[in-house]
Structures are given as structure tokens and as C-alpha cells.
Amino acid sequence: MHIVFSLALVGLLPAYIASRKGENFALWWIYGAILIFVALPHALLLEPAVGSEKSTCKNAALLNGAYNHPRLAECATWTSRTSISHHH
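Here we summarise the structure given alongside this text. (Residues numbered from 1 in each chain as written. Predicted model: local features only at pLDDT ≥ 70, side-chain atom pairs only at ≥ 80, totals over all residues. Heavy atoms only, no water.)

### Considerations on a nonpolar patch on the surface
Piece 1. A cluster of nonpolar side chains, contributed by F5, L9, L12, Y16, F25 and W29, occupies part of the molecular surface with about 610 Å² of accessible area.
Piece 2. Among the elements of the structure, α1 (2–10), α2 (12–20) and α3 (25–34) are those that each provide at least two residues to the nonpolar patch.
Piece 3. Following the sequence through the fold, F25 ends up in helix α3.
Piece 4. For F25, a relative accessible area of 33% translates into the label partly exposed. (Patch = residues over 30% accessible without salt bridge, like charges linked within 9 Å, V, L, I, M, F, W, Y side chains within 5 Å. Areas by Shrake-Rupley, 256 points an atom, 1.4 Å probe, with all protein chains shown as cover. Salt bridge = Lys/Arg side-chain N within 4 Å of Asp/Glu carboxyl O. Helix = DSSP H or I, 4+ residues; strand = E, 2+ residues; numbered from the N terminus. Buried < 20%, exposed > 50% of the residue type's maximum accessible area, 1.4 Å probe, protein only.)

### Observations concerning the packing of aromatic side chains
The geometry of two aromatic rings is summed up by the distance between their centres and the angle between their planes.
Piece 1. Counting across every chain of the model gives two aromatic pairs.
Piece 2. Summarising the aromatic geometry, the rings of F25 and W29 are spaced 6.1 Å apart at their centres and angled 50° between planes, so their arrangement reads as tilted. Of the two residues, F25 and W29 both sit in helix α3, four residues apart, roughly one turn of that helix.
Piece 3. Consider the rings of W28 and Y31, whose centres lie 5.0 Å apart with planes at 65°: the pair is edge-to-face. One end of the pair is W28 and the other is Y31, both in helix α3 and three residues apart, which spans about a single turn.
Piece 4. Classification of Y31 by relative accessible area gives partly exposed; the value is 21%. (Phe/Tyr/Trp six-rings, centres within 6.5 Å; stacked < 30°, edge-to-face > 60°.)

### Quick look at the nonpolar core
Burial of nonpolar side chains together is a common tendency in soluble globular proteins.
Piece 1. With six residues, the main nonpolar core is built from A15, I17, A18, W28, A43 and L46.
Piece 2. Of all the elements, α2 adds the most residues to this core, at three residues. (Core = buried A, V, L, I, M, F, W, Y, C linked by side-chain atoms within 4.5 Å.)

### Some remarks on the packing of α3 against helix α4 (residues 36–45)
Piece 1. Remark: α3 packs on α4, axes separated minimally by 5 Å, with the N-to-C direction vectors making an angle of 130°. When the interaxial angle is binned, α3 and α4 end up oblique. In contact with W28, Y31, G32 and I34 of α3, α4 contributes I36, V38, A39, H42 and A43.
Piece 2. Its residues assigned to classes, the contact of α3 with α4 comprises seven nonpolar, two polar and no charged. (Axes fitted to C-alpha atoms, helices over the stretch in contact; angles between N-to-C directions. Parallel < 35°, antiparallel > 145°, perpendicular 65-115°, else oblique. Contact = heavy atoms within 4.5 Å. Nonpolar A, V, L, I, M, F, W, Y, C, P; charged D, E, K, R; others polar.)

So, in C-alpha cells, the structure goes:
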């Protein structure tokens, strides 16, 4: 019984990460509980889901090149944290 509880608890981490990227929390919780060593790296490498807020922010930032729209101001923080700088 302790193993089932532990797996359910550990499955919360990939579920949380994936849900922040626009994925279904419950499905990722099950996936994470069953295959934690696969689900965790998968969740970390997962791109934001198409249509999710983070995906929309990222695409808008790429298309506009600036944060001119008031709605994009909240996206600026997320995009700047996830962007990789290529300064030479």
C-alpha cells in the first residue's frame, strides 16, 4: 500500500510540469505514477501545447519581436525565463 501511495505522490511532479505547459493533469499524473523515469524527462522536454497560454505567448513574442500588446506583458516574464540567449 505504501508503494501505491508513493507512486501516486511522485506522479504529481511530471503532472504539475506538464499541466503548466497546457497538458491534462490527470493523464500526466497516471503516466508519472506508472513510468516516473520516462514521464519526468518527457514533461521537462515537452513544448507548450498548441493554444495554451504559454504557447500563445511564445508565438506572439516570436512574431512581434516585442511586447507591444497589453496582454503580452504578462507573457514577457515567462518567455524571457525560457528563452535561450545567443549573444556572441
